Amino acid sequence: MAKITFLGAAGTVTGSKYLVEAGGKRLLVDCGLFEGSKELKERNWNRLPVDPAAIDWVLLTHAHMDHTGYLPKLVADGYRGPIYANPATRELCGLLLPDSAHIQEEDAKYAAKKGLKNHDIAQPLYSAEDAQSALALFRDISRKDAFTISPEFSVKPHDAGHILGSTWLELTITENGKQTLVVFSGDLGRYDQPILRDPESPSRADYLLCESTYGDRDHPAGSVPDMLAQVITRVAKRGGAIVIPSFAVGRTQTLMYYLRELEDQQRIPHLPVFVDSPMAINATDLYVRHCEDHDLDFSREEAKGKRDPLNMHEVHMTRTVEESKKINEMVSPCIIISASGMATGGRILHHLKRRLPDARCAVLLVGYQAQGSGGRALQDGAKYLRIHGEEVPVRAEVIDVGQLSAHAGQDELLRWLSGFSAAPRQTFLTHGEPIALEAFRAKITARFHWPVTIPAYLQTIELNG
Ligand SMILES: [Zn+2]
């Protein structure tokens, strides 16, 4: 009998990994890293309940680390099968996975240099070579067309509107001549946003796995450009720097798009922008190559006399540690974008250490901040942030830009669910913290009267049982 085991994103937002078994074959849908609290991160070091060598295929919904960041470890531990993803997801993973290895290696080096013992970053989970070995196993699948993985499994991807290349998946499981349709929501994006397309509507599922990141709340209303214009002008006027924890691709381009517009309209001053990452790239090429994923028309923008709608006037890509250190010397107003997006590691920690004690500066939180992460502590108003064993006072202004979220809010999740023409036999809520999961279950039960289950970490559920 076909079954699903929840190897991650069960009762938490990170570590998405769903093991689907049918006809003696094993398919892993997503292969994410646990991020956030120390307890969660420790799960990355635990042995999987299944031998990676015994998994036949991996299939990805999108490139975010909490859906792909465990791949190098899976491969280092013996996985040798193909990793199926669309070209945009493959390209993004080509940036993200080595970046993740770099972050871990730099953090480990720093910890060793400073003699930080028993530190959870004392050794990297995987190396840059492990990331390359994982990348060598990627196989392209179509952005939209159905794809047969094996006699047991076939998949039809749909646009999820969350990041470049993001999809939700219809997985058809065939066993003993019987077909079962399982929908994996992946991460769902927003409706009516600039750049990315709206999520495609689903129609039917026997079983549904639905993300619940914002299952308990809607995003704040209000104009993003107005809010950004106020913040940037205020911080620049008082001579501060604006620090943004974020990977160089994704939210960063939405943010740059807004800021570029504000610069052109002369609603904010022209500030230097530092994209500080060992893998810093000009992401615009990616968007030009994957135009099927978004509704930006570069030729139209060019015709309007704009060089690049995704970049501000002065952008510096810093790759080396030395270049990165130089940013510390910057005393005039600037914008610093650096990973990790939840301030759990990486160069962003050095920038926060430098700027948090300065009341003129501001930290913009533009993505989801998981429980236990540095970003969540800042969001919750922490007076001190522990960085590399030091208590760093938080005097900088912390601004949560919920409007810039890449995730559907509660209303948008319900809008997506309303696409189903009939109730799934069972809906599993995943990828949410306990409060969001419970609130979302109550909402679905009240509105649709569907049976809803919140699976536990490592729980196995038999389908058609
Ligand atoms: Zn995501």
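Here, the structure is the one placed above.
Now for a description of the structure that goes with this document.

About the cut-offs
- Residues numbered from 1 in each chain as written.
- Predicted model: local features only at pLDDT ≥ 70, side-chain atom pairs only at ≥ 80, totals over all residues.
- Heavy atoms only, no water.
- Buried < 20%, exposed > 50% of the residue type's maximum accessible area, 1.4 Å probe, protein only.
- Helix = DSSP H or I, 4+ residues; strand = E, 2+ residues; numbered from the N terminus.
- Contact = heavy atoms within 4.5 Å.
- Expected span 1.5 Å × (residues − 1).
- Polar contact = N/O pair within 3.5 Å; in protein donor to acceptor, adjacent residues only side chain to side chain.
- Pairing = 2+ DSSP bridges.
- Right-handed = clockwise from strand over helix to strand, strands pointing away.
- Donors = N, O, S within 2.8 Å, 3.2 Å for Na, K, Ca; no water.
- Tetrahedral: all angles 85-135°; square planar, octahedral: opposite > 155°, others 65-115°.
- Salt bridge = Lys/Arg side-chain N within 4 Å of Asp/Glu carboxyl O.
- Axes fitted to C-alpha atoms, helices over the stretch in contact; angles between N-to-C directions.
- Parallel < 35°, antiparallel > 145°, perpendicular 65-115°, else oblique.
- Left-handed = near helix turned anticlockwise from the far one by under 90°.
- Nonpolar A, V, L, I, M, F, W, Y, C, P; charged D, E, K, R; others polar.

This brings us to helix α13 (residues 410-417). Counting buried positions along α13 yields six of eight residues, so the element is predominantly enclosed. Looking at the buried side of α13, the elements it contacts are β9 (167-175), β10 (178-184), β11 (207-211) and α14 (434-448).

Our next topic: helix α6 (residues 224-237). End to end, α6 covers 20 Å across 14 residues, agreeing with the expected 20 Å (1.5 Å per residue, within 8%). Restricting attention to buried positions, one finds in α6 the residues Val224, Met227, Leu228, Ala229, Val231, Ile232, Val235 and Ala236. Where α6 is buried, its residues contact β12 (242-245), α7 (251-264), β15 (335-338), β16 (362-365) and β19 (397-400). Capping the start of α6, Ser223 holds a side-chain oxygen 3.0 Å from the backbone nitrogen of Asp226, two or three residues further along. Positive phi shows up at Gly239, right after α6, with a value of about 80°.

What follows deals with unusual backbone geometry. Omega for the bond connecting Ala339 with Ser340 falls within 30 degrees of zero, at 5°, which places this linkage in the cis form. One can find Ser340 in the loop between β15 and α11 (348-355). Even without glycine at this site, Asp30 takes up a positive phi of about 65°. Along the polypeptide, Asp30 turns up in the loop between β3 (25-29) and α1 (38-43). One non-glycine residue, His388, lies in positive phi territory at about 50°. Mapping His388 onto the fold places it in the loop between β17 (384-387) and β18 (390-393).

Mapped onto the secondary structure, Thr61 falls in the loop between β4 (57-59) and α2 (65-68). In this structure Thr61 comes out as buried when scored by relative accessible area, which is 1%. Of note is the side chain of Thr61, whose polar atom sits 3.0 Å from the side chain of His62. The contacts of Thr61, once residues within four sequence positions are left out, are Val29, Asp30, His67, Gly165, Ser166, Thr167, Leu169 and Gly186.

The sheet contact formed by strand β2 (residues 18-22) and β3 spans five bridges and is antiparallel. Within β3, the position partnered with Leu19 by the bridge is Leu28. Counted along the chain from β2 to the antiparallel partner β3, the turn is two residues long, and its residue Gly23 has a positive phi close to 55°. Examined bridge by bridge, β3 and β4 share three bridges and lie parallel to one another. Looking at the pairing, Val29 lines up with Leu59 of β4. Read as a crossover between parallel neighbours, the route from β3 over α1 to β4 is right-handed.

Moving on, we come to the coordination of the zinc ion. Note on the zinc ion: its protein donors are His62 (NE2), His64 (ND1), His162 (NE2) and Asp187 (OD). The metal-donor distances range over 2.2 to 2.3 Å. Coordination at the zinc ion is irregular: its four donor atoms span angles of 89 to 161° at the metal.

Summed over the entire model, instances satisfying the criterion amount to 21 salt bridges. The partner of Glu106 in a salt bridge is Arg347, and the shortest N-O contact between them spans 3.2 Å. With Glu106 in helix α4 (residues 87-113) and Arg347 in the loop between β15 and α11, the pair connects residues that are 241 residues apart, well separated along the chain. We classify Glu106 as partly exposed; its relative accessible area is 22%. Among the charged side chains, a salt-bridge network with shared partners connects Glu106, Asp276 and Arg347.

Quick look at the sheet that holds strand β1 (residues 3-6) now. Strand order in this open sheet of seven strands is β6-β5-β4-β3-β2-β1-β22, and the pairing throughout is mixed. Across the chains shown, the open sheet's two edge strands, defined by having one partner strand only, are β6 (138-140) and β22 (460-462). Between one strand axis and the next, the sheet turns by 25° as a mean value, whatever way the strands run. Relative to β6, strand β5 (residues 83-85) is paired through three bridges, and the arrangement is parallel. Counted as the bridge partner of Ile83 is Phe138 from β6. The strands that α4 touches are β5 and β6; relative to β6, the one it contacts most, it runs at about 155°.

One way to put it is that α4 packs onto helix α5 (residues 128-135) with a least axis distance of 8 Å and a crossing angle of 160°. The angle between α4 and α5 places the two elements in the roughly antiparallel class. Here α4 runs over α5; the crossing is right-handed. From α4, Cys93, Gly94, Leu97, Pro98, Ala101 and Glu105 reach across to α5, where they touch Ala128, Ala131, Gln132 and Leu135. Looking at the contact of α4 with α5 residue by residue, the class counts come to seven nonpolar, two polar and one charged.

A few words on the sheet that holds β16. The parallel open sheet is built from six strands, whose spatial order is β14-β13-β15-β12-β16-β19. Because the sheet does not close on itself, it has two edges, and the strands there are β14 (314-318) and β19. In this sheet, neighbouring strand axes are inclined to one another by 20° on average, regardless of whether the strands run parallel or antiparallel. When β12 meets β15, the two strands line up parallel, connected through four bridges. By the bridge assignment, Pro245 is partnered in β15 with Ser338. Contacts between α6 and the sheet are confined to β12, β15, β16 and β19, with β19 contributing the most and set at about 170° to the helix. Packed onto the sheet, α7 meets β12, β13 (272-276), β14 and β15 and runs at close to 165° relative to β15.

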